[in-house]
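Chain residues, written in single-letter form:
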Amino acid sequence: MGAPTAGARLLTVALWSGRFAAAPAQELWDLTVDLATDGQLWREDLAVNRAHAHMLAACGILAPAVAAALECALDQVEEELAGGRFVFVDSDEDVHMAVERRLTELAGDAGRAVHAGRSRNDQVATDFRLWCRGAAARLTAGLDRLSGALLDQVDRAGAALAPGYTHLQPAQPVTLGLVLLAHVAAFDRDAGRLAAAAERADECPLGAGALATSTLPLDPAATARELGFARPFGNSIDAVAARDFALELLAAAAIAAVHLSRLGEEVVLWATDEFGFVALDDAWSTGSSMMPQKKNPDVAELARATAGRVQGALVALLTVNKGLPLSYNRDLQEDKAITLTAVRRLELALAGMAGLIAGCSFRLDRLEQRAAAAGAAATDLAERLVAEGVPFRLAHERIGALVGRLAAAHRGLAEVTAEELAAVHPCLAGCSGSWLSARACVDRRRLPGGPHPEAVAAAAAEARARIARRTTKETR
Ligand code: ARG
């Protein structure tokens, strides 16, 4: 608290100190500097520095000797940052200022020349777009690895019978493959959303300057090209003000995290004694500090909780953006702390769940036993009547009445006799016993996208092909 630190700080203060007569207050510095966060963008910042310096040289704004000196200094800064030897100093306001300060220490006037035609506003927007592009690729890879682990389980036991639920009540027997592929389908759409977000973000803000471009003859298309963007900015105010690229990344991430939470919840349920559908590998389970017998699914629980964090980040960044006047405002600095922690958390959760799924073993006997109890055959009997020309509502009513009569006598549908069935409709005479089994129920469902083992195998192959296409595109 108290007066700003004078003297020493004033001398070493930020590179913009020219028009200031007093040093920044300590509390101002504490509030505005967040090197722990934006320091994580150093790779992107160096790439942007290189592209900008190359463009300045190509446009004749930097002399060849200056450009060469800058290139050397940038190499050295990169070595220092990569080796963890870069020393941030008190007066570094952010990673951009730190890099420029160090370039100046190393290359003198060449370092002082690099910021020509540039503002931190277009610089940080460019850095962050690059970072978001990398984040989208990492999240996609994480989703695909998790889907790969699910697909391996489908290959192993996809044809096994499993109970299917609605309202968390046993509904119809399905196959384990259909259940696992439902999660894969959701993660596949998440990857699609990330790709769509990355495509819209594929625009380079560099050259927009503070908000109104520059009087220098810059070449924004050249920097866009060097940095691998599809195009340069179309509006210099929008280029420094827009953060919907991060919002879309977070929106896609939040939906993916919600999907992950649903898988996490299922694993938590499946791993209970009550369900007993899955045994978790020891390496992917945790114990209790007090109860020696405990084996807990913490990975699945934390994956479930990740949805809270990522949704929170999306709402936080939406709120930071809401009502902001154009163009750049310092509020926007908050985008990085919000986005980086949420994305990192989701990456960890995806990796954790991929390991958990890869290492778990499904208890097929138990799944089959519960599938048999799912009592789906009632629908099959009604549909058998429909095939005979009975209107569905009438068929539903007759089978419902049969189930009701059996229930009143404390009997299940599996125990119904051929005579009782024939009394409902002659065509049902052969539908007792094994016709009512869970396996028969699944075998009768031959539609693509359904529980039949052949449909499951086909869907799994398609899912693998989609992932393979994404992976080759990514590494191209
Ligand atoms: N560190 C800031 C950010 O991340 C960039 C600083 C731009 N500041 C400024 N006064 N123009 O948004």
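Residues numbered from 1 in each chain as written. Predicted model: local features only at pLDDT ≥ 70, side-chain atom pairs only at ≥ 80, totals over all residues. Heavy atoms only, no water.

Draft legend 1. Structural context of the overall build of the protein. Of the regular secondary structure elements, the protein holds 20 helices and six strands. Computed over its C-alpha atoms, the radius of gyration of the protein comes to 31 Å, more than 25% above the 23 Å expected for a compact globule of 476 residues. On the protein, the mean spot of the 49 positive side-chain charges and the mean spot of the 58 negative ones are 4 Å from each other. (Helix = DSSP H or I, 4+ residues; strand = E, 2+ residues; numbered from the N terminus. Rg over C-alpha atoms; globule rule 2.2 N^0.38 Å. Lys, Arg positive; Asp, Glu negative; His and termini not counted. Charge placed at Lys NZ, Arg CZ, Asp CG, Glu CD.)

Draft legend 2. Inspection of the packing of aromatic side chains at higher detail. This model, assessed by the stated rule, comprises six aromatic pairs. Measuring from centroid to centroid gives 5.3 Å for Phe275 and Phe277, while their planes differ by 85°, and the two rings are edge-to-face. Like Phe275, the residue Phe277 is buried in the burial classification. Ring-pair connections join several aromatic residues into one group, and the members of that group are Phe128, Trp131 and Phe245. The ring of Phe128 carries the charged tip of Lys336 above its face, separated from the ring centre by 5.5 Å. (Phe/Tyr/Trp six-rings, centres within 6.5 Å; stacked < 30°, edge-to-face > 60°. Buried < 20%, exposed > 50% of the residue type's maximum accessible area, 1.4 Å probe, protein only. Lys NZ or Arg CZ within 6 Å of the ring centre and 35° of its normal.)

Draft legend 3. Structural view of the site of the ligand. Neighbouring residues of the ligand: Asp38, Asp94, Arg120, Asn121, Val124, Tyr328, Gln333 and Lys336. Within the contact set of the ligand, a nitrogen atom lies 2.8 Å away from a side-chain nitrogen or oxygen of Asn121. The contact in question runs from an oxygen atom of the ligand to an N or O atom on the side chain of Tyr328, over 2.4 Å. When isolated, the ligand has an accessible area of 350 Å², and the protein chains bury 84% of it. It is helix H8 (residues 120-157) that contributes the most residues to the shell around the ligand, three residues altogether. When the residues that make up the shell around the ligand are grouped by side-chain class, the tally is two nonpolar, two polar and four charged. (Near = heavy atom within 4 Å. Polar contact = N/O pair within 3.5 Å; in protein donor to acceptor, adjacent residues only side chain to side chain. Areas by Shrake-Rupley, 256 points an atom, 1.4 Å probe, with all protein chains shown as cover. Nonpolar A, V, L, I, M, F, W, Y, C, P; charged D, E, K, R; others polar.)

Draft legend 4. View of the packing of H8 against helix H9 (residues 176-200). Between H8 and H9, the least distance of the axes is 9 Å, while the angle of their chain directions is 165°. Overall, the two elements H8 and H9 adopt an arrangement that is roughly antiparallel. In the crossing of H8 with H9, the sense of the turn from one axis to the other is left-handed. Where H8 approaches H9, its residues Arg129, Ala136, Leu139, Thr140, Leu143, Leu146, Ser147, Leu150, Leu151, Gln153, Val154 and Ala157 are matched on the opposing element by Leu176, Gly177, Leu180, Leu181, His183, Val184, Phe187, Asp190, Ala191, Leu194, Ala198 and Arg200. When its residues are assigned to classes, the contact of H8 with H9 shows 16 nonpolar, five polar and three charged. (Axes fitted to C-alpha atoms, helices over the stretch in contact; angles between N-to-C directions. Parallel < 35°, antiparallel > 145°, perpendicular 65-115°, else oblique. Left-handed = near helix turned anticlockwise from the far one by under 90°. Contact = heavy atoms within 4.5 Å.)

Draft legend 5. Focus on the side chain of Asn296. Position of Asn296 relative to the elements: it lies in the loop between strand S5 (278-279) and helix H13 (298-321). Residue Asn296 is classed as buried on the basis of its relative accessible area, which comes to 15%. With residues near it in sequence (within four places) discarded, Asn296 still touches Ser285, Thr286 and Gly287.

Draft legend 6. Up close: helix H5 (residues 64-82). Here H5 is 19 residues long and its end C-alpha atoms lie 27 Å apart, about the 27 Å a rise of 1.5 Å per residue gives. When we look at burial in H5, the residues that qualify are Ala67, Leu70, Ala73, Leu74, Val77, Glu80 and Leu81. Viewed along the axis of H5, the buried residues span an arc of 135°, placing them on a single side of the element. Facing away from the buried side of H5, by more than 90 degrees, are the exposed residues Pro64, Ala65, Cys72, Glu79 and Ala82. Along its buried surface, H5 packs onto helix H4 (42-58), helix H6 (95-107) and helix H7 (109-113). Phi for Gly84, located one or two positions after H5, is positive at around 70°. (Expected span 1.5 Å × (residues − 1). Arc of directions from axis to C-beta.)

Draft legend 7. Representation of unusual backbone geometry. Geometrically, the link from Leu326 to Ser327 is a cis peptide bond, its omega value of 0° lying close to zero. Structurally, Ser327 can be placed in the loop between H13 and helix H14 (334-359). You will see that Leu168, though not glycine, has its phi angle at about 55°, which is positive. In this structure, Leu168 sits in the loop between strand S1 (161-166) and strand S2 (169-175). The residue His410 is not glycine, and still its phi comes out positive at about 55°. Residue position: His410 is located in the loop between helix H17 (392-408) and helix H18 (418-424).

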